[in-house]
Amino acid sequence: MIQANVVLDAKGLACPMPIVKTKKKMNDLKAGEVLEIQATDKGSIADLQSWAKSTGHEYLGTETEGGVLHHFLRKGGADSSAQTTSIPEISLDEFKKKVESDKPLHILDVREREEYEEAHIPGVVHIPLGEVEKRSNELNKEDKIYVICHSGRRSEAAAQTMKKQGFKNLINVVPGMRDWTGKTE
């Protein structure tokens, strides 16, 4: 197992809490130090990979021991806190009205397969966050795309990745499927 300078216990926490706690703990580290995040949320793998990439930290890998995921991140240098451009957001209530209006919408669900299969909005495109960079070519860069996940964190990360690839009209649905009360399949 990789040697960490600091260990963060995020076991039992669901999205977005492992990222929130990681962000806070990372602020306490010096550039080059390694943080081990212990988590049980399977979605934390893609979440932490994407977060590290978007913030300038280095994702070193994940090892599994029992039911615990041990994620390892190395803190980046001085430029690692650089802000990325913001993605416009839509409230869940406003988004629900658009979905219920029966006007055609392009919706991308970036949750993990298990979350998606449990319940999803009818007609969405499903591409898990960890696959967005490679599979975004399945979508039209000119379409207005509403990006949704469990809470709004992964969808923001996915939208950031897509924006760098030339997508122009992305909207992050906040908070996401966690509070969705509309129709699902």
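A. Local environment of the environment of Pro122. By the secondary structure assignment, Pro122 is in the loop between helix H4 (113-118) and strand E7 (125-126). Look at Pro122 and you get partly exposed, because its relative accessible area is 29%. Along the backbone, Pro122 and Ile37 are 85 residues apart, and their C-alpha atoms lie at a distance of 35 Å. Once you skip the residues sitting within four places of it in the chain, Pro122 turns out to touch Lys183, Thr184 and Glu185.

B. Molecular detail of the sheet that holds strand E2 (residues 34-39). The sheet built from 4 strands is open, its strands ordered E1-E2-E4-E3 with mixed pairing. Whereas interior strands pair on both sides, the edge strands pair on one side only; in this sheet they are strand E1 (6-10) and strand E3 (58-65). This sheet shows a mean twist of 20° between the axes of neighbouring strands, independent of strand direction. Sheet topology places E1 next to E2; 5 bridges connect them, and they run parallel. Bridge pairing links Val7 to Glu36 in E2. Packed on one face of the sheet, helix H1 (residues 17-26) meets E1, E2 and strand E4 (68-74) and runs near 155° to E1.

Definitions and cut-offs
- Residues numbered from 1 in each chain as written.
- Predicted model: local features only at pLDDT ≥ 70, side-chain atom pairs only at ≥ 80, totals over all residues.
- Heavy atoms only, no water.
- Helix = DSSP H or I, 4+ residues; strand = E, 2+ residues; numbered from the N terminus.
- Buried < 20%, exposed > 50% of the residue type's maximum accessible area, 1.4 Å probe, protein only.
- Contact = heavy atoms within 4.5 Å.
- Pairing = 2+ DSSP bridges.
- Axes fitted to C-alpha atoms, helices over the stretch in contact; angles between N-to-C directions.

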